[in-house]
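Architecture at a glance
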Amino acid sequence: MKKIALYLIPLGLFLGLIIFLYQGLFSNPREHQSSLLEQPMPEFVLPDLMNIEQTYNEDVFLGKVTLLNVWGVWCITCAIELPYLKQLQGEGKHIVGLYFDQDMDPDFGIKTVARVQQEVTDKLSQLGNPYAFNIFDVKRDLSMDLGVTGAPETYLIDQQGKIRLHHIGDINPRVWKNKFAPVYDLLVAQ
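The structure contained in this document is the topic of the report that follows. Keep in mind the model is a prediction, meaning the values are calculated, not measured.

1. Quick word on the state of the cysteines
- Taken as a whole, this structure holds one disulfide when the rule is applied.
- Here Cys 75 engages in a disulfide with Cys 78; their sulfurs sit 2.4 Å apart. When the S-S torsion is 85°, as for the bridge of Cys 75 with Cys 78, the disulfide is right-handed. Across the pair, Cys 78 and Cys 75 agree in class, each one buried.

2. Some thoughts on the pairing of strand S3 (residues 66–71)
- A large share of S3 lies buried, amounting to six of its six residues.
- Where S3 lies against strand S4 (residues 94–99), six bridges are found, and the strand directions are parallel. Residue Trp 71 lies in a different strand from S4, and its bridge partner there is Tyr 99.
- Tracing the backbone out of S3, into helix H2 (residues 76–90) and back to the parallel element S4 gives a crossover that is right-handed.

3. Focus: the pattern of salt bridges
- Enumeration according to the criterion identifies four salt bridges in this entry.
- For the salt bridge of Arg 164 with Glu 38, the shortest nitrogen-to-oxygen distance reads 3.4 Å. Taken together, the positions of Arg 164 in strand S7 (residues 163–168) and Glu 38 in the loop between helix H1 (2–25) and strand S1 (45–47) put the pair 126 residues apart, joining distant regions of the chain.
- With relative accessibility at 25%, the residue Arg 164 sits in the partly exposed group.
- Assessed through its relative accessible area of 41%, Glu 38 is described here as partly exposed.
- In this structure, the salt-bridge partner of Glu 91 is Lys 93, at a minimum N-O distance of 3.6 Å.
- Given a relative accessible area of 45%, Glu 91 falls into the partly exposed group.
- Connected through shared salt-bridge partners, Glu 38, Asp 158 and Arg 164 make up one network.

The rules behind the values
Residues numbered from 1 in each chain as written. Predicted model: local features only at pLDDT ≥ 70, side-chain atom pairs only at ≥ 80, totals over all residues. Heavy atoms only, no water. Disulfide = S-S within 2.5 Å. Buried < 20%, exposed > 50% of the residue type's maximum accessible area, 1.4 Å probe, protein only. Helix = DSSP H or I, 4+ residues; strand = E, 2+ residues; numbered from the N terminus. Pairing = 2+ DSSP bridges. Right-handed = clockwise from strand over helix to strand, strands pointing away. Salt bridge = Lys/Arg side-chain N within 4 Å of Asp/Glu carboxyl O.

Read these as geometric descriptors, not functional statements.
Given below as structure tokens:
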């Protein structure tokens, strides 16, 4: 009996590992469900990227439906989505940037705020600026509270400041039409 148990325990562990890995083969990393859906925006106090003296908190999302777009100049996919975000902004969508810079992290090097501001100004001048303003997430505190895994990511926030939708990856016409537009239109109609 002990010999059978010695074979069954490793076999059971092996089968469990195989099932776990097999499920991973067919999961879509973009279909990450945020635990913050239907929750209010986390509390924060962070500066404006271009005017460090100006600060914002979660109340900035009250009163209008907002897209919160996590981005950085170092992010190639962010650069690809900027023109489409600019188009959405031109259609009247309110878009706020949540900016963090890898080079502000000591693990990647040190960069001055003035240099970050210049890089952002250059990038947005080149590709278009869809943002009403950019919240500067210097230490990535808000990004961590939101569960951001990378850039770009976008959150749809309703008039009461609740997170209604979370998307990992770029916003493009297909994603907007299939995922965001139905929820956005419903929220705006309320």
